[in-house]
Amino acid sequence: MQMLTKFESKSNRVKGIAFHPKRPWILASLHNGCIQLWDYRMGTLLERFDEHDGPVRGIAFHPTQPLFVSGGDDYKIKVWNYKTRKCLFTLNGHLDYVRTVFFHHEYPWILSASDDQTIRIWNWQSRNCIAILTGHNHYVMCAQFHPKEDLVVSASLDQTVRVWDISGLRKKNAAPSSMSFEDSMHRSAATQADIFGSTDAIVKYVLEGHDRGVNWATFHPTLPLIVSAGDDRQIKLWRMNDTKAWEVDTCRGHFNNVSAALFHPRQELIISDAEDKTIRVWDVSKRTLVQTFRREHDRFWVLTAHPELNLFAAGHDNGLIVFKLERERPAYAVHQNNLFYIKDKYLRVFDFANASDVSVLSVRKIGGQYVHPRALSFNPAERAVIITTPTDGGTFDLFHLPKDFSGEPREASTDGKRGTGNSAIFIARNRFAVLDKTRQQIEIRDLSNVTTKSVKPPATVNEIFSAGSSNLLLLSTSTSVILYDIQQRQTVAEINTPPVKYVVWSSDNNQVALLSKHTITIANKNLEQSCLIHETIRIKSGAWEDAGIFVYSTLNHIKYALPQGDNGIIRTLDQPVYLTKVKSKNVHCLDRDGKTRVISIDPTEYRFKLALIKRNYDEVLQIIRNSNLVGQAIIAYLQKKGYPEIALHFVRDHKTRFDLALECGNIEVALETAKAMDRDDCWNKLGAEALRQGNHMVVEMAYQRIKNFDRLSFLYLVTGNGEKLRKMLKIAELRNDNMSRFHNSLYLGDVEERIRLLKEVGQLPLAYLTAHNHGLTEEAESILVSAGLNVEDITDLPAPGQLLKSPTPIVKHNDSNWPLLTVSRSFFDSAFTNPDNNSIAAPLTFADANESIDEIGGDWGGDDDLGFNVSEKVDDQRTEGDVLEEGSGWDIDADLNVQLDKEIAQELANGAQSEFVPPTSGTNESELWIKNSPLAADHVAAGSFETAMQLLNRQVGAVNFEPLKSHFLKTFQATRTYLPCNVILPPLVYHIRRNPEETETRRVLPILPCNFQTIISVHLQDAYKTTTAGKFQDSTIQFKNIIHSILLIAVSKKSEVDEVHQLIEVCREYIVGLSMEQARRKFTLDNPENTKRALELAAYFTHCQLQPAHLQLSLRSAMTLSFKAKNCLTASMFARRLLELAPPPQVATSARQIQKITDKTPNDEITLDYDQYNPFVVCAKSYTPIYKGSPSVECPYCHASYLTEHQGKLCTVCDVSQIGANAAGLKVHV
């Protein structure tokens, strides 16, 4: 028997523990008053609960509801809801420490034991105490419900164990039913009796036998047995019937107070732990000690068993451990359509074809009562099996199977067929290999178990595996797997891997999967690696699919791996399973009880990816049409592999769909999504792409949507569309846009219109020159007359030059496009139809994140000084689809004509007149802006700096406006244009609106120089690039400039408000992270304190929410620094996190080499104030961690976190707001 530790935590002394019945969670109540909720499968701390004052000794999950209960030294019992993470209510009544608390399995009851010498039963629904059990005359250390009957067992320091009958309480609190008058009177009398003493719970037995106080007592789950543990270092077993209870026996062996004891839920065992730092296992029937597990420094205080799984947990001085007492992986082997496996000491054969399952051989004599077979090897030629067990350091048994599997299983005979060895496998028809790990010898034996050859392996070998050939073996060492030729006694090949636990060959023996604890290495039969897959949780098993895809299971997933390295999740698991065969849509497996199961899966995703890799486009198209592949993962995969046109078929998010359409040149889809979003930046991008392809009709629509009249007029000029140019001239006249009128008249060659315009704006000299040069003599003379001049007065005329005349179009493209640019189209472009579009906006990303991070520079540094020679190069394989001709553009000219006619009619309907109407004086434009908007930006534009500051103070708690001075001035100046009239007069001021088409004065707003889309597409990307280049000081300034600019922007749609807040978070994370990195570089690593602080800052930097490319760089920096400082454990952790991000091959190789070196000495030279498993944020001022549940304050604008001692100070991230100030929140949308 061995203890297999599954999880271990480090914390204050653990006084109480409880498993969740369904989820992989465990609660730990600590002596310091904290309650921790752990995920023992992932090894992460999920939540902390800190409301008790003093140690918390009792803790328990409710069996069905999302509740748990705790009791502590503050005399309080608290009921919590772990979904809302809040305490629902507190039960008060105990007068001393509360020792244990438990929920009833059926009724809404809580049972509590206390040092006030009482046991109380509470109704957690009515929140009342419904019974008080008195009788003990010392501290009650423990009280528990019977799992099925109406009994309670309690243990006390008065040296007794008491069994209580609570059937009266159950009847009293059962659901009401009709009753007679006599029954109601009896119930009334019983209620009267409660005043003087409870009649609902009575003592049934008092068990005396312990010499000192009793610490724990519990019922057997099915038998009428009780086990108790006390300070007399003894464990006593008691039996009871309907009338009496008596002591059966005593287990002696502990050297100090026994803290707890319980029955094994599945076997006839008792498990106990004590203050002698041991956990002991006892045989119930023999009352003898089976096994002892000892810790060096930690006393044990509590013990519990999982209600459904084969798991136990014990709390000690420095945390808790979750463990099991036996391997639950069944020994099995697969040959063709047969599965050979061991269950309940019988060798069974399962036929995959007809689902028959028969028992063929009894193997009860091998191993022991508590030792299960570890491995099984099958020889089809001789119908023989080798079963390996860990008994006596490793033992193997050779059995011959009957020819016919029908009938009763026969008893196995092991005459001369047993031997010593850690691993034993068949390597030929009549030979098998045995590894003697102690002597490091590989023995080749025949079927009579006679050694024919002995081989010394080339390295220290832990396991041997079959290599698919009679002369070859796979030897697993601590750092590699060796392909070894037994005949030649030489190494054929070697591959570097972590210690390999299992090897799975494909059916044709051309591919092999090497399974380690957290990695899978896929290679060919010559051990040439094709890919390496890393998992954060344990890998349990795997099997090859016929198409060459490896399907494997982890603790909670079934996953797939393609030979090229792509992997993904097929489905989730409630409990781990061990895969035996993958066939079509079914996975055959064994569960931990040794039962064969068939799990249905959906193989669509991995077949789709495999078809893409093999370029089987017909199958890809069939899968897309007949299945429902969705999700961000498949979209990102298609983009990564160079298939944006396929990704376009899956995307429903408008913005992502628009970007993909532009990427693959699909103007039709891009136009459709642009119409749905109707954003200026999208129309601009669409216009640029359509112009690149020559689709001027879409360009025309894009310019019309964003009302870019100047570009629209020039487009009509180059396409020779004089009719629409004439309409543009009319629109410009109605808009009172004189420059646009002049341009359009120039494009049209309309001299009379130019002269008329120049006369209207008072430019008579230019009007005269235009008329004179174009031979319009009468018009020229009339201009002179209106000016009071004659021809003789004009003397300084310029020399005659060449008249400016618009070109005459030779070919007019009014109703058709230009010859379109050939766009590369793939096989799939013509196969897809446009799906519906409906989703949310895509997140802010680093546009150049796909660029190689090998181009980094500046302060990031490199890995050259680590001493590794990394020269791996991986070709970027991109698949180009077939080039297909694109059809012509749409016939949309008629629609555009109607649209232009409508605009002209609308302008005329709004009362535009050709004659001059003198304006009337009205309200100052700046005052209108202040009245119409609650945005600080609009108040700044209006020149009302004081009200803008007041708004920012109320919205974001702003107190320091010095960094905003330049932004204030820039915003104010950009909203006005100045026209000088006379040197002695001030210039005329013209206010510029951002909604010039608006005629309602209550809605006019000023133009703002800072545009949100420009910030995202230009300033943010520049900051990202500066960060990649390692110019941390410059990039910090850029991010701060962005966060200042956001205060003075306005967005036109509510959907962009969330993007603004997301951008603030991005800037905050980068400013904090880069500031920490700059602070770290100021430390000289000449003394331990400086080195420790530098390592901590580097570690904190890796927890900032950065773009993946920058997170890789921060992890590389932290990994390198930790490696140099000989903090091997921390360096290995950073290397693992870096590998999870799929870095470039050279970086990944360096990380693996560091991981390989550090795993040999997994410890840290310098202890850091850094706990990666406990969620935290970094104080933006002191650069110290603030762990989850610790008190903190925030900046009301950027939400940077600070220690409470910095309350009221200026935020160091935004340099604007006061830490901890009350604020309503930033407004950017009217």
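Residues numbered from 1 in each chain as written. Predicted model: local features only at pLDDT ≥ 70, side-chain atom pairs only at ≥ 80, totals over all residues. Heavy atoms only, no water.

- An unreviewed UniProt entry lists the chain under the name Coatomer subunit alpha, from Funneliformis mosseae.
- Looking at the Subunit (unreviewed entry) heading of the UniProt record, one finds this comment for the chain: "Oligomeric complex that consists of at least the alpha, beta, beta', gamma, delta, epsilon and zeta subunits."
- Word for word, the UniProt comment on the chain under Function (unreviewed entry) is "The coatomer is a cytosolic protein complex that binds to dilysine motifs and reversibly associates with Golgi non-clathrin-coated vesicles, which further mediate biosynthetic protein transport from the ER, via the Golgi up to the trans Golgi network." (UniProt positions renumbered as here; feature names shortened; annotations may be inferred.)

## Regarding the nonpolar core
Turning to step 1, where the next piece is worked out: Within the largest apolar cluster, 91 residues are counted, with the highest numbers of intra-cluster contacts made by Phe1039, Tyr1197 and Tyr1202.
Turning to step 2, where the next piece is worked out: Ranked by the residues each element gives to this core, the list is headed by helix α24 (residues 1055–1081), at 12 residues.
Turning to step 3, where the next piece is worked out: Here Phe1039 is in contact with Leu1020, Ala1023, Tyr1024, Thr1027, Cys1067, Tyr1070, Ile1071 and Leu1074, once residues within four sequence places are set aside.
Turning to step 4, where the next piece is worked out: Val101, Trp124, Ala155 and Ala260 belong to the second largest nonpolar core, which has 43 residues in total. (Core = buried A, V, L, I, M, F, W, Y, C linked by side-chain atoms within 4.5 Å. Buried < 20%, exposed > 50% of the residue type's maximum accessible area, 1.4 Å probe, protein only. Helix = DSSP H or I, 4+ residues; strand = E, 2+ residues; numbered from the N terminus. Contact = heavy atoms within 4.5 Å.)

## Re the packing of α24 against helix α25 (residues 1088–1101)
Turning to step 1, where the next piece is worked out: Close contact between α24 and α25 brings their axes to 9 Å; oriented N to C, the two are set at 160 degrees. Classed by the angle they form, the pair α24 and α25 counts as roughly antiparallel. Crossing hand, α24 versus α25: left-handed. In contact with Gly1073, Leu1074, Met1076, Glu1077, Ala1079 and Arg1080 of α24, α25 contributes Ala1094, Leu1097, Ala1098, Tyr1100 and Phe1101. (Axes fitted to C-alpha atoms, helices over the stretch in contact; angles between N-to-C directions. Parallel < 35°, antiparallel > 145°, perpendicular 65-115°, else oblique. Left-handed = near helix turned anticlockwise from the far one by under 90°.)

## Concerning the pairing of strand β38 (residues 423–428)
Turning to step 1, where the next piece is worked out: Of all 6 residues in β38, 6 are buried, a share of seventy percent or more.
Turning to step 2, where the next piece is worked out: Pairing analysis gives 5 bridges linking β38 to strand β39 (residues 431–436), with the strands arranged antiparallel. Opposite Ala424, over in β39, you have Val434 as the bridge partner. (Pairing = 2+ DSSP bridges.)

## Quick notes on the environment of Thr1001
Turning to step 1, where the next piece is worked out: In this fold, Thr1001 is placed in the loop between β58 (988–991) and α22 (1012–1028).
Turning to step 2, where the next piece is worked out: Residue class for Thr1001 comes out partly exposed when judged on its relative accessible area of 42%.
Turning to step 3, where the next piece is worked out: Residues Thr1001 and Glu925, 76 residues apart in the sequence, show an inter-C-alpha distance of 9.0 Å.
Turning to step 4, where the next piece is worked out: Among all residues touching Thr1001, those that are not within four sequence positions of it are Leu928 and Asn932.

## A word on the state of the cysteines
What is meant by a disulfide is a covalent connection between two cysteines, made through their sulfur atoms.
Turning to step 1, where the next piece is worked out: Following the criterion strictly, the structure yields 0 disulfides and no others.
Turning to step 2, where the next piece is worked out: Of all cysteine sulfurs, the one in Cys1198 lies closest to Cys1195, which takes part in no disulfide; the gap is 3.5 Å.
Turning to step 3, where the next piece is worked out: We classify Cys1195 as buried; its relative accessible area is 0%. (Disulfide = S-S within 2.5 Å.)

## Some thoughts on the sheet that holds strand β7 (residues 67–72)
Turning to step 1, where the next piece is worked out: Taken in spatial order, the 4 strands make up an open sheet running β6-β7-β8-β9, and their pairing is antiparallel. Every interior strand has two partners, whereas the edge strands, β6 (56–61) and β9 (86–92), have only one. Ignoring which end each strand starts from, the neighbouring axes of this sheet average 20 degrees apart.
Turning to step 2, where the next piece is worked out: As judged from the 5 bridges shared by β7 and strand β8 (residues 76–81), these two strands associate in the antiparallel manner. When the sheet's bridge partners are listed, Leu67 is paired in β8 with Asn81.

## Let's talk about the environment of Ser1055
Turning to step 1, where the next piece is worked out: Mapped onto the elements of the fold, Ser1055 is located in helix α24.
Turning to step 2, where the next piece is worked out: Overall, the relative accessible area of 47% leaves Ser1055 in the partly exposed class.

## Re the sheet that holds strand β22 (residues 258–263)
Turning to step 1, where the next piece is worked out: Overall, antiparallel pairing links the 4 strands, which are arranged β22-β23-β24-β25 in an open sheet. The two strands at the open ends of the sheet, each matched to only one other strand, are β22 and β25 (289–294). Sheet twist, expressed as the average angle between the axes of neighbouring strands with direction ignored, equals 15 degrees.
Turning to step 2, where the next piece is worked out: Examined bridge by bridge, strand β24 (residues 278–283) and β25 share 5 bridges and lie antiparallel to one another. Bridge pairing links Val281 to Gln291 in β25.

## Overview of the pattern of salt bridges
Turning to step 1, where the next piece is worked out: Following the criterion strictly, the structure yields 50 salt bridges and no others.
Turning to step 2, where the next piece is worked out: A salt bridge links Glu443 to Arg445; the shortest N-O distance between them is 2.6 Å. In this structure, Glu443 and Arg445 share a single accessibility class: buried.
Turning to step 3, where the next piece is worked out: A salt bridge links Arg756 to Glu760; the shortest N-O distance between them is 3.3 Å. Taken together, the positions of Arg756 and Glu760, both in helix α14 (residues 751–760) and 4 residues apart, correspond to about one turn of that helix.
Turning to step 4, where the next piece is worked out: Note on Arg756: relative accessible area 36%, which makes it partly exposed.
Turning to step 5, where the next piece is worked out: Residue classification places Glu760 among the partly exposed residues on the basis of a relative accessible area of 47%.
Turning to step 6, where the next piece is worked out: Where salt bridges share partners, they join Glu733, Arg741, Glu753, Arg756 and Glu760 into one cluster. (Salt bridge = Lys/Arg side-chain N within 4 Å of Asp/Glu carboxyl O.)

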